[in-house]
Amino acid sequence: MATRLFGSGIRRREDPRLITGSATYTDDLTLPGMVHAAMLRSPHAHATVGTIDISRAQASPGVLAVYTGKDTSDGLQPMPCAWLVPDADLKVATYPCIATDTVRYVGDIVAVVVAEDPYQAYDALDLIDVEYTALPAVTNPAEAAGDGAPQVHADVDKNQAFHWAVSGGDVDAAFKDAEVVVKERIIQQRLIPNAMEPRAALAEYDQASGDLTLWNTTQNPHILRFLNSVVTGVPEDRARIIAPEVGGGFGSKIPAYPGEFITVFCAKQLGRPVKWNETRSENYQATTHGRDHVQEIELAAKKDGTITGLRCTVWAGMGAYLSTAAPGIPTILHGLMLPACYGIPAIKEDVYGVYTNTTPVEAYRGAGRPEATFMVERMVDRLAGEIGMDPADVRKKNLIPAFDDGHDTVTGLTYDSGDYPTALDKLLSHADYARLRAEQATARKSGRYIGLGLSTYVEMCGLGPSQVAGAIGFQGGLWESAIVRVHPTGKVHVFIGTSPHGQGEETTFAQIVADEIGVGADDVKVIHGDTDTTPMGWGTYGSRTTAVGGAALAKAARKVRDKAKVIAAHLLEAAVEDMEFADGKYSVKGSPDKAKSLAEVALMANVAWNMPANVEAGLEASTFYDPPNFTFPFGAHLAVVEVDKATGQVDLKRYVAIDDCGPQINPVIVEGQVHGGVVQGIGQALWEQAVYDDSGQLVTGSMLDYALPRAGRLPEIEVLSTVTPSPHHPLGVKGIGEAGTIASTVAVYNAVMDALGPLGVETIDMPFTPERVWRAIQQATKGH
Amino acid sequence: MELTASYRFDVPPTALWPLLVDPAVVASCLPGCEALEPVGDDSYRAVLTVGIAAVTGRYEGTVTLADQRPPHAYRLVVTGKGRAGFVNGEATLELHEDGGGTRLDVAGRAEVGGTIARVGQRLLSSASKMMMDRFFDCLRKQTAAPS
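Fair warning: this is a prediction, and the values are worked out from it, not measured in the lab. (Residues numbered from 1 in each chain as written. Chains lettered and ligands numbered in written order. Predicted model: local features only at pLDDT ≥ 70, side-chain atom pairs only at ≥ 80, totals over all residues.)

Colleague: What is the right way to read the overall build of chain B from this model?
Modeller: Counting secondary structure elements, chain B contains three helices and seven strands. Seen through its C-alpha atoms, chain B measures out along the principal axes to roughly 45 × 30 × 25 Å. Buried positions account for 27% of the 147 residues belonging to chain B. Residue pairs at least 24 apart in sequence account for 51% of intrachain contacts in chain B once pairs closer than 6 positions are excluded. (Helix = DSSP H or I, 4+ residues; strand = E, 2+ residues; numbered from the N terminus. Buried ≥ 20, exposed ≤ 12 C-beta atoms within 10 Å, placed from the backbone. Contact = placed C-beta atoms within 7 Å.)

Colleague: What should I look at first to understand the packing of helix 7 (residues 221-232) of chain A against helix 8 (residues 258-270) of chain A in this one?
Modeller: Helix-helix packing is characterised by the crossing angle of the two axes and by the distance between the axes. All names here are of chain A. For the pair helix 7 and helix 8, the least separation of the axes is 10 Å and the interaxial angle reads 60°. Put simply, helix 7 runs oblique to helix 8. Like other packed secondary-structure pairs, helix 7 and helix 8 cross with a definite hand, here right-handed. In this structure, helix 7 contributes Asn228, Val231 and Thr232 to the contact, and helix 8 contributes Phe261, Val264 and Phe265. (Axes fitted to C-alpha atoms, helices over the stretch in contact; angles between N-to-C directions. Parallel < 35°, antiparallel > 145°, perpendicular 65-115°, else oblique. Left-handed = near helix turned anticlockwise from the far one by under 90°.)

Colleague: Quick question: what am I supposed to make of the packing of helix 11 (residues 369-387) of chain A against helix 12 (residues 391-398) of chain A here?
Modeller: All names here are of chain A. Between helix 11 and helix 12, the least distance of the axes is 8 Å, while the angle of their chain directions is 115°. Between helix 11 and helix 12, the interaxial angle falls into the category roughly perpendicular. Regarding helix 11 and helix 12, the two cross each other, and that crossing is right-handed. Where helix 11 abuts helix 12, its residues Val380, Asp381, Leu383 and Ala384 lie against Pro391, Val394 and Arg395. Here the contact of helix 11 with helix 12 is composed, by residue class, of five nonpolar, no polar and two charged. (Nonpolar A, V, L, I, M, F, W, Y, C, P; charged D, E, K, R; others polar.)

Colleague: Sorry, what's going on with the nonpolar core here?
Modeller: Here is a general trend for soluble globular proteins: nonpolar side chains tend to be buried in one another's company. In this structure, A:Val112, A:Val113, A:Val494, A:Val513, A:Leu553, A:Val748 and A:Val752 are the most contacted members of the largest nonpolar core, which totals 254 residues. Among the elements that make up this core, the one with the highest residue count is helix 17 (residues 545-571) of chain A (13 residues). Residues within four places of A:Val748 in sequence aside, it is in contact with A:Gly453, A:Ala639, A:Val641, A:Leu652, A:Ile682, A:Ala685 and A:Leu686. Counting 13 residues, the second largest nonpolar core, distinct from the first, contains B:Leu48, B:Val87, B:Ile116 and B:Val119. (Core = buried A, V, L, I, M, F, W, Y, C linked by C-beta atoms within 7 Å.)

Colleague: Please clarify how the sheet that holds strand 21 (residues 524-527) of chain A should be interpreted in this entry.
Modeller: What links the strands of a sheet is backbone hydrogen bonding, and the strands pair in either a parallel or an antiparallel sense. All names here are of chain A. Ordered in space as 21-20-19-25, the four strands form an open sheet in which the pairing is mixed. Here the strands that pair on one side only, and so sit at the sheet edges, are strand 21 and strand 25 (620-625). Across this sheet, the average inter-strand angle for adjacent strands is 15°, counted without regard to direction. Packing against the sheet, helix 16 (residues 505-517) makes contact with strand 19 (480-486), strand 20 (492-496) and strand 21, and its axis sits at approximately 130° to strand 21. (Pairing = 2+ DSSP bridges.)

Colleague: It is not clear to me how helix 4 (residues 118-125) of chain A should be interpreted in this structure. Could you clarify?
Modeller: All names here are of chain A. All of the buried residues along helix 4 are Ala121, Ala124 and Leu125. With its buried residues spanning 110° around the axis, helix 4 presents them on a single face. Buried-residue contacts for helix 4 involve strand 1 (35-41), helix 2 (55-58), strand 3 (63-68) and strand 5 (109-115). (Arc of directions from axis to C-beta.)

Colleague: Sorry if this is basic, but what is going on with the domain arrangement of chain A here?
Modeller: Where interface size is quoted, it is often the accessible area lost as the parts come together. Residues and elements named next belong to chain A. Domains assigned within chain A are domain 1 (31-135 + 196-248 + 253-286), domain 2 (290-463 + 629-781) and domain 3 (479-625). Its C-alpha centre places domain 2 at a distance of 40 Å from the equivalent point of domain 3. Of the residues lining the interface, 19 residues belong to domain 2; the matching set on domain 3 comes to 17 residues. Of the residues that constitute the side of domain 2 that touches domain 3, the class distribution is 10 nonpolar, seven polar and two charged. (Domains from an automatic or database assignment.)

Colleague: Just to check I follow, could you spell out the interface of chain B and chain A for this structure?
Modeller: Listed as interface residues are 12 residues of chain B and, on the opposing side, 15 residues of chain A. Broken down by element, the side of chain B that touches chain A gets its largest block of residues, six residues, from helix 3 (residues 115-144) of chain B. Broken down by class, the residue content of the side of chain B that touches chain A amounts to three nonpolar, five polar and four charged.

Colleague: Where do I start with the pairing of strand 6 (residues 85-98) of chain B in this structure?
Modeller: Consecutive side chains along a regular strand alternate between the two faces of the sheet. Residue and element names in this part refer to chain B. Alignment of strand 5 (residues 73-82) against strand 6, held across 10 bridges, turns out to be antiparallel. The residue bridging Thr79 from the neighbouring strand is Asn88, located in strand 6. As consecutive antiparallel partners, strand 5 and strand 6 are separated by two residues. In this sheet, strand 7 (residues 101-113) lies alongside strand 6 in antiparallel orientation, the contact comprising 13 bridges. Residue pairing across strands places Glu90 opposite Arg109, the latter belonging to strand 7. If you look at the hairpin formed by strand 6 and strand 7, you'll find two residues sitting between the two strands, and Gly99 has a positive phi there, around 55°.

Here's what the structure looks like:
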């Protein structure tokens, strides 16, 4: 019996090159004649730009060119927004690659210098004299939407980029008849994604042929090729986009940025390869941020804990310009998920997308869904407190019972499959919840504040199908493609349209193919991230690479298997109907000795000396797979914290994650994804926040002031799972890239509030720094 | 960023005032001052090298000693920009007769931008205070120096 690789925790083949430092990132590439670009960025959050004197910079040693917005306005079209959410009065303000008359956030590009070496380029930036006239700035989305706020764009009234609403069920009746209503105002603070590799681009342009090669750290090279053609005018057939090793993205490398297109512009002008590599400081100010919501939420319920309605208003900061996919995140990916795993029967949400004088906001791991899960899960705990019921019991009362063939929500989604109660039960019994509650009560008697925080979630990922993409204003498709090519020796090349950058698909996709056609995983090489060699695809985000790309791949592999069966039948002089694929061999049913291996079939297919009639040479297949629906992973998480009343320090003592992403191709990789995701979510609860001062300066501009999670402050994360296959996916898999982040922030939040409940603390803005927690405790216990 | 401070001198305002408006004295006492050249109307072109936290920068700008009321008060207006960002500040210096000496009160505010705001902001007020202390210490020494 051949060992099935699907489900096996084999080691990631990506890791040796990553951990030994031999991986090749964009900045590792060097081309003959290569020169270097550096961007001059606005130090003002909002200012008009007067004269720009570049003469001293031009005369600086090694400098080849200095371009300002006036020089690039013909060669670079404005940055496109590619998620035009409909019925939302969307106002896409002009987003020039290089600002000309106005700068709108600290980091807006005002000029570019190209020099022989990067240091000369950076030195020359000092010599550019820009005349700025500072204007009032606004950074908080709720304030920006108010009367009299500074206008970020003259043609966008009240800074309102869009107003999107979702509703379902009778919300008014739910609140009118409510026995209990709980309310809260939550700040989903702005986060900085912090990919380990900052953004980078290397552009080589052949002035004779018009061919462009752009190496770029992107999550979606095919989309970038398309957007590049719009902005730089290099047609798609002339542009080759390569994403070499990409050192993390977390959503921040979905969008196209002015930086790479300015780099292309410089390469076209100068006829020399131009490299641009952003500094960490630039990364903080000009690579997209995440979250930034101000949320007002009300939940209606009965006294027995039954949730009857949810009503909310969200002000979502968009930053100074709409980044590529930005409008879809606090709307489609957010509001549609509000029925949550409870199937809340009445929903009304208004979302105001608001321009502010800040870095553009984009997808950040979870993208809209953590913010939605947070709202619901926080309110469930508030409800539990209000009616004196345990939060676990409120959840049990409301969870949708198990289903395997679809559950319709009032927001128009159909969850594919789910078994939420089992996930919660498993969590509670694994963690011994009852014992933890008893320990908590005992600890409180001795003045120790332990808190338990639950989060039960369902999310949507595997973004697709394309028909839906069109309906929701996504300016692209959401299908995926794959090519499986078997070489004469039986070795396999797989070409995929998605672009993994740390998620491990070079390994898991080899596992899928190995099982489907009968080779070893080591016989399969997965090729991605190059638009000239891989088929069209829509990228790696929204936990869609395996959920959609993996399905395409399985289907392509099955086509290869079918053809291999036909060829094997011919070679074995058997009827195709009598053939089977078993134990990794193509054999005659009932006669396992009469069998051909894939290598034998592949050799014949490639030399084609003796092929069945009407069968083409070669052993290769491709598929375009458009999923019929999203996939809906789910799970239940528990955080246990202890808060030091004297210092406000939060100690995360235990974290248990149960996630159901369907059948797991590689459980070790799933566990890794959960670990990373959970930690990023914990980071939001406890440590991370991008802060602007009143004048729009980013004061958390480096890792000195922006606190990232560290291993030493985290407990061992206990990762468990349940397995509920997706009914519509060829492999049943759902996606796991974002689940951890979606669930964990609110689990930790609920735990801290549970710990502080006896002290009368009801809400604290994240992150839970000791100072904030201490102040909240002082405030609540004042006079006691 | 708001700044307030008070300094005590043993000499009366009439003796302190000339030093406070003497560009040579100011230039020699201002930490990191490389140049202070008059450009008219009580304004000076200044070149300063300042290091705050991880941010060291060379700033070029103007210093104006406005609204002079000798020997009581003037308004110091500073605008500067450099690689590490920009600084716009304004401070009122008031000299008060105090038992034969002078109490000098400084009250001002500054706005900073660029790298200095991103990286150094946390340390900015303490660094500014330190620079002011050094400046007035130096000035105090000059008042004690035999002329």
